[in-house]
Amino acid sequence: MLIVRPSTFSDLASIEKLANHNSAKISTLPQQRDKLSEKIDASTRSFAADESMEGKEQFLLVMENSETGEVLGTAGIDRCAGNGQPFYNYRQDELIHSSHQLHVNNHIPVLYMTHELTGKTLFCSLSIDSKYRNTDYFELLSRSRLLLIGLFKERFDEDIIIEIQGVSDEDGGYPFWDSLGRHFFDMDFATADYYSGIKSKTFIAELMPSHPIYVPLLSEEAQTVVGRPNALAEKNCQLLHREGFRVGKHIDIFDGGPTLEAHVNHLNTVKSMQSKSTKVSESTRGGVKYLICNGSFSDFRCVVGQLTDGIGDVIRINQTLAKDLNVSENECITFAAL
Amino acid sequence: MMIIRPINANDFTDLCHLAKNTGFGVTSLPDNPDLLQTKIEKAEKAFAEKVDPSHAKYMFVLEDTNSKKIVGVCGIEAQVGLEEVWYNYRISTTVNASIELGVHNQTPTLYLTNDLTGCSEVCSLFLDACYRKNSNGLLLSKSRFLFLADFPEMFSEKVFAEMRGYSDEQGHSPFWEALGKKFFTMEFSRADYLTGVGGKAFIAELMPKYPIYLPFLSKEAQKVVGLVHENTEPARAMLEAEGFNFNGFIDIFDGGPAIEAFVNNIRAVRESFKLHAQVVKNLKDTNGNNQPLYLVSNRAFSNYRVALVSGSSICQDTVDISVELAEQLQIRSGDIVRAVSLREVKR
């Protein structure tokens, strides 16, 4: 059984393996053990509602094989994008350079550096063992976060954002970075990303040029990838679009990848999820696959399981499910169609 | 005999002829008869009435008195940018640095400015190719400095010259290709022409207003920032010898430099001096003796004249002027003239 739950220190080695396996692609999931350890610590304190984390809570969920204890995926939520520091993006905008006398009317795309997404709730650190990428468990991992924020809206911002990885070329280079950031850093994307991981993204962003960038002055390769997602992120993008996320005007300042945005109340999972109290049975038969979670914040559990939903406020679950979710009879579970 | 004098309406035909031969890049002398007509009218007015510096656009011609033809022109705008907006890019530096990351990058950055607004501009210099000899070019160009020295109250303290920027044999400007062209579809020659006919402000309004990080431009464009067209190299060298400096202002279209000087720091202004003219019959032409040449002006605003004389004509506080030259300069014995050596005299 695969269970999504808050990360703990015992997951460290397992997450580290996953992070390294995913190479440099997830900048919010650091590859260094001490940084990972800090992240788990921050998550543990955030789930415990420790005062030290107030306003910069960072939650890290893991998807664990409950039989082997192996971590097969991670999914993070930062309560406030930037975690107390400015959160940088470029906002895509357009200027019209126009002259009646010269019969010219040109629309010029411009990138403005902004902090306006600072403080919104950020979904981050999504990684999954490639064997599970094309299974229901991908959805479990990604959507478990929607159940969590749907259940505990007061603990999150009402606007949710996700940064989608930008386009890289066959050699692992990032055309957007090569045409923009690289001029100011003299280092390749992977190196900048590495520093981003061990320092902070804000730290790097503050070294970036602050004036608006005229897109027509970037290389043609860079211009074509502005706001476009990496092929690897396509599956996740589709899922998020189905959920109600929309491509906003913001892009990543490093790789030019898009930012998806949604209001929490507009998310399909949040709109459709139901909570019912449980009746635990020896066993249940049949039913339909659901995403199911318990009602606990600090001991959040989310799984894929079968339920037979009927009329009424009570739902029958079997003992295995009750154990996986750590719920007893009469406690509430929340579920949404898979 | 070669003489500098204010332009007048009779010069129209010759001026049109000259304008046909300028080629791209001399934006202030466009091949457009209507516009040239206007330029002549404005200049005549400026010389006649001592108009407000914000409108004063002086234009001088170099006349070959033997053929009665004008073979060169030059101009001074008393103050630029007070009617239309005057734009330049200023090359500035942006530093991105982090000791921790070992990063220290200096990025040249172009800022769109109106910083030269109100300054005087020496402009519109053009000399017929057949006359590019016998110091005619220097006479034409430097005659303006005597005008500045004679009438400083009519000009700004600072004067600049916009030098034609680099372009290749086909007239393509790499700077334009990398920057201006991206913002509106127009060939450089067309933009250049529009600038000359008074459309510069229109075009500038289409140009990017935010600073431009130079590395975003093509390598070719980066290389030519602040460079002059090879035909303009001698003019630049001459102005720099007179005390003009490049302080980072460039043309927004072709990236050519605008070089500046304070009027009282220009050598030809600083070293110029007044002396009495002495009209002499049968003055011996001693030009052959390798004597340094001197510019001499008659100090008359509306009937301004400048010519070259041999250094051998200059004594303590007088200058010997031949009868023919005195006629051209419109002076008589005893008149006070201004003189300065054409080139810096090495002491």
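Each remark here, short or long, concerns the structure printed above.
Residues numbered from 1 in each chain as written. Chains lettered and ligands numbered in written order. Predicted model: local features only at pLDDT ≥ 70, side-chain atom pairs only at ≥ 80, totals over all residues. Heavy atoms only, no water.

### A word on the overall build of chain B
Summing up its helical and strand segments, chain B has 10 helices and 15 strands in all. Computed over the C-alpha atoms, the radius of gyration of chain B is 22 Å, within 12% of the 20 Å expected from 2.2 N^0.38 for a compact globule of 347 residues. For chain B, buried positions account for 57% of its 347 residues. A separation threshold of at least 6 residues defines the contact pool for chain B, and within that pool the share at least 24 residues apart is 72%. Accessible area for chain B stands at about 15300 Å²; split by element, carbon and sulfur atoms hold 47% of it. For chain B, the distance from the average position of its 36 positive side-chain charges to the average position of its 43 negative side-chain charges is 3 Å. (Helix = DSSP H or I, 4+ residues; strand = E, 2+ residues; numbered from the N terminus. Rg over C-alpha atoms; globule rule 2.2 N^0.38 Å. Buried < 20%, exposed > 50% of the residue type's maximum accessible area, 1.4 Å probe, protein only. Contact = heavy atoms within 4.5 Å. Areas by Shrake-Rupley, 256 points an atom, 1.4 Å probe, with all protein chains shown as cover. Lys, Arg positive; Asp, Glu negative; His and termini not counted. Charge placed at Lys NZ, Arg CZ, Asp CG, Glu CD.)

### Quick word on the interface of chain B and chain A
Each partner contributes residues to the interface: chain B has 30 residues there, and chain A has 33 residues. Summing both sides of the interface, chain B and chain A together bury roughly 2700 Å²; the carbon and sulfur share of this comes to 68%. Where chain B meets chain A, there are 0 salt bridges. Counting the contacts that link chain B with chain A gives 12 residue pairs in polar contact (both at pLDDT 80 or more). Of all the secondary structure elements, the ones that give two or more residues to the side of chain B that touches chain A are β4 (88-98), β5 (103-113), α5 (180-183), α6 (188-206) and β8 (212-213) of chain B. Of the residues belonging to the side of chain B that touches chain A, the class tally is 22 nonpolar, 5 polar and 3 charged. (Buried area = accessible area lost by both parts, 1.4 Å probe. Salt bridge = Lys/Arg side-chain N within 4 Å of Asp/Glu carboxyl O. Polar contact = N/O pair within 3.5 Å; in protein donor to acceptor, adjacent residues only side chain to side chain. Nonpolar A, V, L, I, M, F, W, Y, C, P; charged D, E, K, R; others polar.)

### Here's the deal with the nonpolar core
Of all hydrophobic cores here, the largest spans 64 residues; its most connected members are A:Tyr90, A:Leu180, B:Tyr89 and B:Leu217. Ranked by residue count, the leading element in this core is strand β5 (residues 104-114) of chain A, at 6 residues. Grouped together as the second largest cluster of nonpolar side chains are 47 residues, B:Ile4, B:Cys74, B:Leu148 and B:Leu342 included. (Core = buried A, V, L, I, M, F, W, Y, C linked by side-chain atoms within 4.5 Å.)

### Brief notes about the pattern of salt bridges
Under the counting rule described, the total for this entry stands at 31 salt bridges over all chains. One salt bridge in this structure joins A:Asp93 and A:Arg91, with 3.2 Å as the shortest N-O distance. The exposure class assigned to A:Asp93 is partly exposed, which follows from its relative accessible area of 26%. Of the residues examined, A:Arg91 reaches a relative accessible area of 22% and is grouped as partly exposed. Note that A:Lys289 and A:Asp136 form a salt bridge whose closest N and O atoms lie 2.7 Å from each other. Separated by 153 residues along the polypeptide, A:Lys289 in strand β12 (residues 288-294) and A:Asp136 in helix α3 (residues 136-151) bring together distant segments of the chain. The class for A:Asp136 is partly exposed, based on a relative accessible area of 27%. What emerges from the salt-bridge pattern is a single network uniting B:Lys142, B:Glu242, B:Arg267, B:Arg270 and B:Glu271.

### Section: the packing of helix α1 (residues 12-21) of chain A against helix α2 (residues 33-47) of chain A
All names here are of chain A. It is the contact of α1 with α2, at a shortest axis distance of 10 Å, that shows an interaxial angle of 120 degrees. By the angle between their axes, α1 is oblique relative to α2. Where α1 crosses over α2, the two elements pack in a sense that is right-handed. Counted together, Leu12, Ala13, Ile15 and Glu16 of α1 and Arg33, Leu36, Ser37 and Ile40 of α2 form the full contact between these two elements. Grouping the constituent residues of the contact of α1 with α2 by class yields 5 nonpolar, 1 polar and 2 charged. (Axes fitted to C-alpha atoms, helices over the stretch in contact; angles between N-to-C directions. Parallel < 35°, antiparallel > 145°, perpendicular 65-115°, else oblique. Left-handed = near helix turned anticlockwise from the far one by under 90°.)

### A word on the packing of aromatic side chains
Residues and elements named next belong to chain A. Tallied over the entire structure, the rule returns 37 aromatic pairs over all chains. Here the aromatic rings of Tyr174 and Phe189 are separated by 3.9 Å at their centres, their planes lie at 25 degrees, and the arrangement is stacked. Within this pair, whereas Tyr174 is found in the loop between β7 (159-163) and α4 (175-179), its partner Phe189 is found in helix α6 (residues 189-198), the two being separated by 15 residues in sequence. Neither residue differs from the other here; Tyr174 and Phe189 are each classed as buried. The interplanar angle of 75 degrees and the centroid separation of 5.7 Å between the aromatic rings of Trp177 and Phe254 together place this pair among those described as edge-to-face. Within this pair, whereas Trp177 is found in helix α4, its partner Phe254 is found in the loop between β9 (246-251) and β10 (258-263), the two being separated by 77 residues in sequence. Among the residues examined, Trp177 registers a relative accessible area of 0% and is labelled buried. According to the relative accessible area criterion, Phe254 is buried, its value standing at 4%. (Phe/Tyr/Trp six-rings, centres within 6.5 Å; stacked < 30°, edge-to-face > 60°.)

### Details of the packing of α3(A) against helix α9 (residues 234-243) of chain A
Geometrically, a packed helix pair is captured by the angle between its two axes and the distance between the axes. Residues and elements named next belong to chain A. Their axes nearest at 11 Å, the elements α3 and α9 cross at an angle of 45 degrees. When the interaxial angle is binned, α3 and α9 end up oblique. In the packing of α3 onto α9, the handedness of the crossing is right-handed. Contacts between α3 and α9 involve Phe138, Glu139, Ser142, Arg143 and Leu146 on the former and, on the latter, Lys235, Asn236, Leu239, Arg242 and Glu243. Partitioned by chemical class, the residues of the contact of α3 with α9 number 3 nonpolar, 2 polar and 5 charged.

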